[in-house]
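# Survey of secondary and tertiary structure
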Amino acid sequence: MAKEIRLDKYLGEMGQGTRSQIKEMARKGRIYVDGQPEKKPERKIDPAHNQVELDGRIIAYAEYEYYILNKPQGVVSATEDSRYETVVGLILDRKRDDLFPVGRLDIDTEGLLLITNDGDLAHQLLSPKKHVDKVYFARVEGELPSDAKERMKEGLELSDGTITLPADLEILNQGQNGALSEIRLTIREGKFHQVKRMFEVLGCSVVYLKRLSMGSLTLDETLKPGQYRPLTEEEILRLKSHGKERKAEDVG
Ligand code: URA
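Residues numbered from 1 in each chain as written. Predicted model: local features only at pLDDT ≥ 70, side-chain atom pairs only at ≥ 80, totals over all residues. Heavy atoms only, no water.

### Notes on the layout of surface pockets
- Computed from the structure, the largest pocket encloses a volume of approximately 580 Å³.
- Lining of the largest pocket is provided by 30 residues; of these, Arg 104, Leu 105, Gly 190, Lys 191 and Phe 192 occupy positions nearest its centre.
- Per-class residue counts for the lining of the largest pocket are 14 nonpolar, eight polar and eight charged.
- Here the lining of the largest pocket gathers at least three residues from each of two domains, domain 2 (66–117 + 220–251) and domain 3 (133–214). (1 Å grid on protein atoms, 1.4 Å probe; cavity = no way out; pocket = protein on both sides within 12 Å on 5 of 7 lines; lining within 4 Å. Points joined across faces, edges and corners; volume = space filled by probe spheres on them. Nonpolar A, V, L, I, M, F, W, Y, C, P; charged D, E, K, R; others polar. Domains from an automatic or database assignment.)

What follows is the structure in structure tokens.
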């Protein structure tokens, strides 16, 4: 059976106001359901069948939203912040008011960030048990040790004593005579400042960092920093099925 929700919850979730504001809107006759004015905010709505209008605008309902954002530098991975613009604030087309970023990128990191309100999917992707691959591109200052790949593969001891899971380092461009090196690194966990801290252990510092992918989701080259788009149905299904495969692996 279709899930019914209260009219005030429906409009509240779609960012149209607080419960008391919606009650007032209903009282003033600004809300219509299936073409009829509706004064009762507690009225049950079936989002699949009822049409809700506010001030003559149809308010479509979305239970879940999924966006891929190319996070620009200078924006924080948060829902609210008193000083900086937030990644959620960049999603101008959002219908829902409960979106959040799945994981965090540092303020100076660019690249792929999933923004959604699907808490189950976020858990699947972020759970330390799931070991979801995250691929980063970085420009690194300082000479990379000759055994950098092997040390990344074995796992490194970070400054706080934690040992990282095996990571795959690909050197795209080895900087000579003090020039920056370009690398691609695949990690399977998400510790605080992980990539930067891993290179610190190798005596180098990351001067530019961009996330290229997370699980099956890959940043498209067409998205410039600050741009976003909704995920396709296929991308959503692939991300969700990854979590299920991992569950089966845990059992087996
Ligand atoms: N590792 C980092 O050091 N910073 C990020 O933003 C992401 C991974």
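### Section: the pattern of salt bridges
- Throughout the structure, instances matching the rule amount to 23 salt bridges.
- Between Asp 55 and Arg 30 there is a salt bridge whose closest N-O contact spans 2.7 Å. With a gap of 25 residues between them, Asp 55 in the loop between β5 (52–54) and β6 (57–58) and Arg 30 in the loop between α2 (19–27) and β2 (31–33) connect regions that are remote in the sequence.
- Its relative accessible area of 46% is what places Asp 55 among the partly exposed residues.
- Taking the shortest distance from any N to any O, the salt bridge between Arg 188 and Asp 168 comes out at 2.9 Å. Of this pair, Arg 188 sits in the loop between β12 (181–187) and α5 (194–201) while Asp 168 sits in strand β11 (residues 168–173), and the two are 20 residues apart along the sequence.
- Residue Arg 188 is classed as partly exposed on the basis of its relative accessible area of 21%.
- Residue Asp 168 is classed as partly exposed on the basis of its relative accessible area of 27%.
- If you follow the salt bridges from partner to partner, you end up with Lys 9, Glu 13, Arg 96 and Asp 98 in one network. (Salt bridge = Lys/Arg side-chain N within 4 Å of Asp/Glu carboxyl O. Helix = DSSP H or I, 4+ residues; strand = E, 2+ residues; numbered from the N terminus. Buried < 20%, exposed > 50% of the residue type's maximum accessible area, 1.4 Å probe, protein only.)

### Quick word on the pairing of strand β7 (residues 66–71)
- Burial of β7 is extensive: six of the six residues sit out of reach of the surface.
- Residues of β7 alternate between two faces, with Tyr 66, Ile 68 and Asn 70 on one and Tyr 67, Leu 69 and Lys 71 on the opposite face, all of them buried.
- Where β7 lies against strand β9 (residues 109–116), six bridges are found, and the strand directions are antiparallel. In the sheet register, Tyr 67 faces β9, and the bridge partner there is Ile 115.
- In terms of strand pairing, β7 meets strand β15 (residues 228–230) through three bridges, oriented antiparallel. Bridge pairing in β15 places Tyr 67 opposite Pro 230. (Pairing = 2+ DSSP bridges.)

### A word on the side chain of Glu 13
- Of note, Glu 13 is situated in helix α1 (residues 7–13).
- Not counting the four nearest positions on each side in its chain, Glu 13 is found in contact with Tyr 61, Lys 95, Arg 96 and Asp 97. (Contact = heavy atoms within 4.5 Å.)

### Comments concerning the sheet that holds β5
- Reading across the sheet, the four strands line up as β3-β2-β5-β6 and stay open at both edges, with antiparallel pairing between neighbours. A single partner strand is all that each edge strand has here, and the edge strands are β3 (36–37) and β6.

### Topic: the packing of aromatic side chains
- Across all of its chains, the model carries four aromatic pairs by this definition.
- Relative to Tyr 66, the ring of Tyr 64 lies with its centre 6.4 Å away and its plane at 40°, an arrangement referred to as tilted.
- We classify Tyr 64 as partly exposed; its relative accessible area is 39%.
- The ring of Tyr 208 has Arg 139 sitting right over it, with the charged end atom 5.0 Å from the ring centre. (Phe/Tyr/Trp six-rings, centres within 6.5 Å; stacked < 30°, edge-to-face > 60°. Lys NZ or Arg CZ within 6 Å of the ring centre and 35° of its normal.)

### Observations concerning the domain arrangement of the chain
- Domain parsing of the chain yields domain 1 (5–58), domain 2 (66–117 + 220–251) and domain 3 (133–214).
- Relative placement of domain 1 and domain 3: their C-alpha centres are 51 Å apart.

### A short note on α2
- Looking at α2, one finds that the buried residues are Ile 22, Met 25 and Ala 26. Projected down its long axis, α2 shows its buried positions confined to an angular sector of 100°, all on one face. Of the exposed residues in α2, the ones pointing more than 90 degrees away from its buried face are Ser 20, Lys 23 and Arg 27.
- Contact partners of the buried residues in α2: α1, β2 and β5.
- Among the residues trailing α2, Gly 29 stands out with phi positive, at a value near 80°. (Arc of directions from axis to C-beta.)

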